[in-house]
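Secondary and tertiary structure notes
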Amino acid sequence: MLGSILASPFVTRKAFAADVLNAYSIWPENYARPMMEAFEKASGIHVKFIRFSSGEALARVTAEKSNPQIDVLFGGPVETFTAGQSQGIFEPYTPPSAADLPARFKDKGGQWTAIADDPLVFMTNTAFLKQNNLQAPASWNDLLNPAYKNMLQMADARTSGTAVTRIFSVLQVHNRNEDEAFAYMKKLRQNVQLYTKSGGGGTLPVGLGQAGGGIFFIVDALFTRQQGYDVQISFPKEGIGSAAECIALIKGAKNPEAGKKLIDWATSPAMQSLLAPNKINFIPANPKVETEPGLAAVLKNANIIEIDDAWAGANRQRIVQRWIAEVLNPS
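Keep in mind that this is a model prediction, so the values were computed, not measured.

Some thoughts on the overall build of the protein chain
- The number of helices and strands found in the protein chain is 13 helices and 12 strands.
- Structurally, the protein chain occupies a C-alpha span of about 60 × 40 × 35 Å along its principal axes.
- Within the protein chain, the proportion of its 331 residues that are buried is 55%.
- For the protein chain, the share of sequence-separated contacts (at least 6 apart) that also reach a separation of at least 24 residues comes to 77%.
- Total accessible area on the protein chain stands at roughly 13700 Å², and carbon and sulfur atoms take up 50% of it.
- In the protein chain, which carries 32 positive and 30 negative side-chain charges, the distance between the mean positions of the two groups comes to 3 Å.

Here's what the structure looks like:
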């Protein structure tokens, strides 16, 4: 019964090959679809996928552990994968391109491999800044300005990997002093209008001026600007985190060889060289693919800090539960 329920909503296209694989994509469909279509064309393997936010995808794969419904988990921040790794849901597989990747872009045991990098940014509405005589925020403390009261939107850590990366960025800026970090997030809460289900859910309201600003992954912020919305992108001087976007083979996958081929392709220049032409503003993880010049220019003076993905994965559930109790729903 569970299998039939899960199989029915897969995003499908006309099958043209005998080989098939199933995937959950944490990347939004407008990012994942062109990649999957290019893979199908290159490999002859038909891909069926459903899109979920990272928290939903992780919960689903974990619940399906005894009867996996997919072969590959595609995209999403690394702490989602390290958390899944601790649940034993992945089958080790090291693709050929892993040899070219920096250490932070691959699990030494082959549990996951990065396909892109995605820093967080502050994104603010230009008209809102002018109306309040503000500059684009250049510090975490700038977001505590009373002018932002009830005017910030950002993702909900119960469902979104963007939110989890944001929380671990705050922790890292405070040198993992959790009490200091949570004290800051409690203050920030007073300025938050809405916590959105998905990481990019607040980008359109900010673009429309319904919200003044928020914290998003750069891929979503730049997409908003590409759509013609007048927004500013800035970085805090104290630093902000970046999430390696990963891919992994599911333990017990029914189509493991097809899954491995997708992983081989996604971790190679074959896929990552398609990001820029499709206006998908991820930073390629594979060093053989150059970052698109416009994206590189935005990142030129950014202080990107490294988040310990193993520590983040091990503490993800505890930290998210504390955020829910103390920030989202304080007693």
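Section: unusual backbone geometry
- Backbone geometry at Asn133 places phi at a positive 55°, although glycine is not the residue there.
- Residue position: Asn133 is located in the loop between α5 (126–131) and β6 (152–155).
- The phi angle at Asn150 is positive, at roughly 60°, despite the residue not being glycine.
- Mapped onto the fold, Asn150 is located in the loop between α5 and β6.

Quick look at the pairing of strand β10 (residues 240–250)
- Among the 11 residues of β10, 11 are classified as buried, and the element is accordingly described as predominantly covered.
- Bridging between strand β4 (residues 90–91) and β10 involves 2 bridges; their strand directions are antiparallel. The residue bridging Phe90 from the neighbouring strand is Ile250, located in β10.
- With 6 bridges connecting them, strand β5 (residues 113–125) and β10 associate as antiparallel partners.

A word on the packing of aromatic side chains
- If you walk through the whole model with that rule in mind, you get 12 aromatic pairs.
- Measuring from ring centre to ring centre gives 5.4 Å for Phe128 and Tyr148, while their planes differ by 40°; the resulting arrangement is tilted. With a gap of 20 residues between them, Phe128 in helix α5 and Tyr148 in the loop between α5 and β6 connect regions that are remote in the sequence. Accessibility assignment for this pair places Phe128 and Tyr148 in one class, buried.
- Seen in terms of ring centroids, Tyr195 and Trp323 are 5.1 Å apart; in terms of plane orientation they differ by 80°. Their pairing is edge-to-face.

Some details on the pattern of salt bridges
- Here the structure, examined in full by the defined rule, presents 14 salt bridges.
- The shortest N-O distance in the salt bridge between Glu29 and Arg33 comes to 2.3 Å. Residue Glu29 and its partner Arg33 are located together in helix α2 (residues 29–43), separated by 4 residues, close to a single helical turn.
- Classification of Glu29 as partly exposed rests on a relative accessible area of 32%.
- When its relative accessible area of 23% is taken as the criterion, Arg33 is described as partly exposed.

Let's talk about the environment of Tyr148
- Look at Tyr148 and you get buried, because its relative accessible area is 2%.
- Along the chain, Tyr148 and Ala258 lie 110 residues apart, while their C-alpha atoms are 49 Å from each other.
- Excluding anything up to four places from it in sequence, Tyr148 contacts Thr124, Phe128, Leu129, Leu134, Gln135, Pro137, Asp142, Leu143 and Asn191.

Concerning the nonpolar core
- In this structure, Trp27, Phe74, Met185 and Trp323 are the most contacted members of the largest nonpolar core, which totals 82 residues.
- Formed by 23 residues, the second largest nonpolar core is a distinct cluster that contains Phe81, Ala114, Ile250 and Ala285.

Focus: empty space enclosed by the protein
- One pass over the structure, following the stated rule, counts 3 cavities of 30 Å³ or more.
- Within this model, the largest cavity holds a volume of roughly 80 Å³.
- Lining of the largest cavity is provided by Val78, Glu79, Arg104, Ser242, Ala243, Ala244, Glu306, Ile307 and Asp309.
- At the level of secondary structure, the elements contributing two or more residues to the lining of the largest cavity comprise α4 (78–86) and β10.
- When grouped by side-chain class, the residues that make up the lining of the largest cavity number 4 nonpolar, 1 polar and 4 charged.

Observations concerning the layout of surface pockets
- Looking at the largest pocket, its volume works out to about 360 Å³.
- Mapped onto the lining of the largest pocket, the elements with two or more residues apiece are α3 (54–63), α4 and α13 (309–328).
- With 6 residues, the single largest contributor to the lining of the largest pocket is α13.
- Broken down by class, the residue content of the lining of the largest pocket amounts to 6 nonpolar, 7 polar and 2 charged.

A few points about the pairing of β5
- In terms of burial, β5 is largely enclosed, as 13 of its 13 residues are buried.
- Here 2 bridges tie β5 to strand β11 (residues 283–284), and the two strands are oriented antiparallel to one another. When the sheet's bridge partners are listed, Ala116 is paired in β11 with Pro284.
- Here β5 pairs with strand β8 (residues 213–217) via 5 bridges, running antiparallel. The residue of β8 that forms the bridge with Leu120 is Phe217.
- As judged from the 4 bridges shared by β5 and strand β9 (residues 231–234), these two strands associate in the antiparallel manner. Within β9, the position partnered with Phe122 by the bridge is Ser234.

What counts as what
Residues numbered from 1 in each chain as written. Predicted model: local features only at pLDDT ≥ 70, side-chain atom pairs only at ≥ 80, totals over all residues. Heavy atoms only, no water. Helix = DSSP H or I, 4+ residues; strand = E, 2+ residues; numbered from the N terminus. Buried < 20%, exposed > 50% of the residue type's maximum accessible area, 1.4 Å probe, protein only. Contact = heavy atoms within 4.5 Å. Areas by Shrake-Rupley, 256 points an atom, 1.4 Å probe, with all protein chains shown as cover. Lys, Arg positive; Asp, Glu negative; His and termini not counted. Charge placed at Lys NZ, Arg CZ, Asp CG, Glu CD. Pairing = 2+ DSSP bridges. Phe/Tyr/Trp six-rings, centres within 6.5 Å; stacked < 30°, edge-to-face > 60°. Salt bridge = Lys/Arg side-chain N within 4 Å of Asp/Glu carboxyl O. Core = buried A, V, L, I, M, F, W, Y, C linked by side-chain atoms within 4.5 Å. 1 Å grid on protein atoms, 1.4 Å probe; cavity = no way out; pocket = protein on both sides within 12 Å on 5 of 7 lines; lining within 4 Å. Points joined across faces, edges and corners; volume = space filled by probe spheres on them. Nonpolar A, V, L, I, M, F, W, Y, C, P; charged D, E, K, R; others polar.

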